[in-house]
Amino acid sequence: MNLKKQLSNVYLYTFFSTFTITDAVWVALLAARGFTLAQIGLAEGIFHAVSLLCEVPSGMAADLLGRRRTLAAGGVLWTLSALLMAFAPGLMPVCAAMGLKALGYNMISGTQEALTYDSLKTAGREGEYIKIDANVSVLQKLSTALSALGSLLSRVLSYTGYYLADAAAAVLTVLAAARLTEPVVTAEQAARGQHRLRELPARLRVHILDSLDCLCTGAAVRRLIAADAVISLPSYLTAMLVQQRLTAQGWGMQWLFLPGLLAGAAGMAGAALGRRLHPHSLRGLYTACALLCGVGALLAGAAPAWGCLAGPMLVQGAIAVWFLHSMQRLNDLISSDRRATLISVDSMAYSLLMIPASPILGWLGDVTGQAGAGLCVLGGAVLLSGLAVAGKTRYNGGRAG
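Since we're looking at a predicted model, the values are computed, not measured. (Residues numbered from 1 in each chain as written. Predicted model: local features only at pLDDT ≥ 70, side-chain atom pairs only at ≥ 80, totals over all residues. Heavy atoms only, no water.)

A. Region of interest: the overall build of the chain. In terms of helices and strands, the chain carries 16 helices and 0 strands. Over its C-alpha atoms the chain spans a radius of gyration of 20 Å, differing by no more than 12% from the 21 Å that the globule rule assigns to 401 residues. Along the three orthogonal principal directions, the C-alpha set of the chain runs to about 60 × 55 × 35 Å. Each of the 401 residues in the chain was classed as buried or not, and the buried ones make up 53%. Long-range contacts, defined as pairs at least 24 residues apart, comprise 86% of the intrachain contacts of the chain with a sequence gap of at least 6. By element, 68% of the accessible surface of the chain is carried by carbon and sulfur atoms, the whole surface being about 16400 Å². Where the 30 positive side-chain charges of the chain centre and where its 20 negative ones centre are 3 Å apart. (Helix = DSSP H or I, 4+ residues; strand = E, 2+ residues; numbered from the N terminus. Rg over C-alpha atoms; globule rule 2.2 N^0.38 Å. Buried < 20%, exposed > 50% of the residue type's maximum accessible area, 1.4 Å probe, protein only. Contact = heavy atoms within 4.5 Å. Areas by Shrake-Rupley, 256 points an atom, 1.4 Å probe, with all protein chains shown as cover. Lys, Arg positive; Asp, Glu negative; His and termini not counted. Charge placed at Lys NZ, Arg CZ, Asp CG, Glu CD.)

B. The arrangement of helix H15 (residues 339-368) in detail. Taking 1.5 Å as the rise per residue, H15 with 30 residues should run 44 Å; its terminal C-alpha atoms sit 43 Å apart, in good agreement. The largest bend in H15 amounts to roughly 35° and is located at Met-354, with the proline Pro-356 lying one to four residues further along. (Expected span 1.5 Å × (residues − 1). Bend = angle between axes of the 7 residues up to and from the residue.)

C. Representation of the packing of helix H12 (residues 257-274) against helix H14 (residues 305-333) within the structure. Running from N to C, H12 and H14 point in directions that differ by 30°, and their axes come no closer than 7 Å. Taken together, H12 and H14 sit at an angle that is classed as roughly parallel. When the axes of H12 and H14 are compared, the crossing they make is right-handed. Between H12 and H14, the contacting residues are Leu-258, Pro-259, Leu-262, Ala-263, Ala-266, Gly-267, Gly-270, Ala-271, Leu-273 and Gly-274 on the first element and Trp-306, Leu-309, Pro-312, Met-313, Gln-316, Gly-317, Ala-320, Val-321, Leu-324 and His-325 on the second. Of the residues contributing to the contact of H12 with H14, the split by class is 14 nonpolar, 6 polar and no charged. (Axes fitted to C-alpha atoms, helices over the stretch in contact; angles between N-to-C directions. Parallel < 35°, antiparallel > 145°, perpendicular 65-115°, else oblique. Left-handed = near helix turned anticlockwise from the far one by under 90°. Nonpolar A, V, L, I, M, F, W, Y, C, P; charged D, E, K, R; others polar.)

D. Local environment of the layout of surface pockets. Put simply, the largest pocket is a space of about 330 Å³. What lines the largest pocket is a set of 15 residues, and nearest its centre among them are Arg-223, Leu-224, Ala-227, Arg-283 and Val-389. Sorting the residues of the lining of the largest pocket by element identifies helix H11 (219-248), helix H13 (282-302), H14 and helix H16 (373-395) as the ones contributing at least two each. A total of 6 residues in the lining of the largest pocket trace back to one element, the largest contributor, which is H11. Partitioning the lining of the largest pocket into residue classes produces 9 nonpolar, 2 polar and 4 charged. (1 Å grid on protein atoms, 1.4 Å probe; cavity = no way out; pocket = protein on both sides within 12 Å on 5 of 7 lines; lining within 4 Å. Points joined across faces, edges and corners; volume = space filled by probe spheres on them.)

E. Representation of the packing of H11 against H15 within the structure. H15 packs onto H11 with a crossing angle of 40° between their chain directions and a minimal axis gap of 8 Å. In terms of orientation, H11 lies oblique with respect to H15. The two elements H11 and H15 meet at a crossing, and its hand is right-handed. Note on element contacts: H15 touches H11 through Val-345, Asp-346, Ala-349, Tyr-350, Leu-353, Met-354, Ala-357, Ser-358 and Leu-361, opposite Leu-224, Ile-225, Asp-228, Ala-229, Val-230, Ser-232, Leu-233, Tyr-236, Leu-237, Met-240 and Leu-241. Partitioned by chemical class, the residues of the contact of H11 with H15 number 16 nonpolar, 2 polar and 2 charged.

This is the structure in structure tokens:
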């Protein structure tokens, strides 16, 4: 494998897979069509229900059938989702499109990280993962920030036009996946092409048992997965509900690119800072990042417009720092043959929390008449998690976890 070329293709795939111009305005687009916050929250809840059901199977598919194929399949599903959303006449088609989008994310979640780490491992350079992951994170934030500028096109693009643009970006994602090379680290990976279809059930059974054994015996892996799930909760929910908060304060849809742009810049700054940090304890790092995320959610939910903009910035900056170090640690703890599956379990834990969180936060916004009410509750919960970990660290004498 030409590692330099492979990493260039990983960066190319990263950019196109996160370039989605509807993300900054999808709540506003649906609200403008008459959907309530509860209905929008339901659609988001379905997204995470599908993620929960399909996250681990998609990781298994990546480990057993190949990461490159799985990434390409994710782009195809995104294309179908965007086309369905473009012409959806009511809530049920919208929910179906969200389900397809979730399945596309499942195919990518865990798979891209596994492909990147194992590509480095083939060259004996897995110790550089934080540096490469920081570059990936910066590209993701840059792509997200640029796609957020799509809100400026609200006077030009219709609802359908927005989603057709998303479909075009998804096609580019498929083409980028085709340029990747499948990394081969273990004998099991090298033998993928030699296995017959009828052997798949037996291989799947062994794969499941080995993955469960890793989870059952790996306390550090379980702690990391739980921490990742909790600290991730404000990430998308702040972006989602800030759209409604700002429109309620008189902002036009064409200005909704600003929260995404600023949050993306904060995420890039967090990634640049995180690669230079060398924390003695992940518990201490979690405490600091969780406190920042909690404050960010509170600002997004309760502050006036300009303070509201600072909320997603704090959230994205803190999460970028945390995930650089948590993902390096998680990858170091798991084997190449189970890598995509176990990283998918990490994502599944987040979806498990998001299934109730998204509609509940939407419901709180409808009941109180304040879109930010749910974010305040969420911010308080994440703050408490950071304080709880800080208390446990002091109780344990500050030992690293």
